[in-house]
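Secondary and tertiary structure notes
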Amino acid sequence: MEEGLPNLLLKALGQRIRALRTEQGYSQEGFADKCGVHRTFMGTIERGESNLSFQNMLKVATTLGISLSTLFQDLEKRAGTLPTATTASKSGNRNRESKRAFKSASDVRQ
């Protein structure tokens, strides 16, 4: 099943938050505490499993010391580069097909 743009954007946002947090030297637990959210909730944010409210997005940006526009910078581009379950399974199928074709060609040469 394909993930769809909203889920890809959430994952890209989560990855962006994690990258910015680690650049600033925050542990996930310490960062969650500074944001005023529970550490397990921060984990769901960073994995792209939570649809953040505007208030929580503002908390994250403020804690990072950045604007909301900086937080969302290039998010659509980042979401376009994330692998989807469909893409991964298609590339896996292509690899298997290539191996089969190679094996068949080897059989013919013998």
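All chains use their own residue numbering, which begins from 1 and follows the written sequence. Where totals are concerned, whole chains, interfaces and linings use all residues; where local detail is concerned, this predicted model gives features only for residues with pLDDT of at least 70, and gives and counts side-chain atom pairs only at 80 or more. For side-chain calculations, the full set of non-hydrogen atoms in the structure is used, while hydrogens and water are omitted.

A look at the overall build of the chain
Along the chain, the regular secondary structure elements total 7 helices and 0 strands. Each helix is a run of H or I in the DSSP string that is no shorter than four residues. Each strand is a run of E no shorter than two, and both are numbered from the N terminus. Mapped in sequence order, the helices and strands of the chain form the string α-α-α-α-α-α-α. Exposure is judged per residue with a 1.4 Å probe applied to protein chains only, and the accessible area is read against the type maximum: over 50% gives exposed, under 20% gives buried, and values in between give partly exposed. In the chain, which comprises 110 residues, the share counted as buried stands at 31%. The contact definition used throughout considers only heavy atoms, calling two residues in contact when any of these lie within 4.5 Å. In the chain, of all internal contacts separated by at least 6 residues, the share reaching a separation of at least 24 is 63%. Using the Shrake-Rupley algorithm and a 1.4 Å probe, accessible areas are obtained, with residue cover drawn only from the displayed protein chains. When the accessible area of the chain is evaluated, it comes to approximately 7400 Å², of which 52% is carbon and sulfur surface.

Some thoughts on unusual backbone geometry
One non-glycine residue with positive phi stands out, namely Asp74, at about 60°. By secondary structure assignment, the location of Asp74 is in the loop between α5 (68-71) and α6 (75-80). When its relative accessible area of 37% is taken as the criterion, Asp74 is described as partly exposed.

Focus: the side chain of Asn56
Here Asn56 shows up in helix α4 (residues 54-64). Asn56 gets classed as buried once you look at its relative accessible area, which sits at 15%. With residues up to four places along the chain from it excluded, the contact list for Asn56 reads Val37 and Phe41.

Concerning the confidence of the model for the chain
In the predicted model, the chain carries a mean pLDDT of 82, and 72% of its residues have values of at least 70. Under a pLDDT of 50 for its full length, residues 93-110 has, in the predicted model, 0 contacts with residues more than four places off or in other chains. By definition, pLDDT measures how confident the predictor is in each residue, and it falls between 0 and 100.

Brief notes about α4
For α4, the full list of buried residues reads Asn56, Met57, Val60, Ala61, Thr63 and Leu64. On an axial view of α4, the arc spanned by its buried residues comes to 165°, and they lie on one face. In α4, the exposed positions angled more than 90 degrees off the buried face are occupied by Phe54, Gln55 and Thr62. On its buried face, α4 is in contact with α1 (5-23), α2 (28-35), α3 (39-46) and α5. Once α4 ends, the next one or two residues include Gly65, with phi positive near 75°. It is the directions from the helix axis to the C-beta atoms whose arc is reported.

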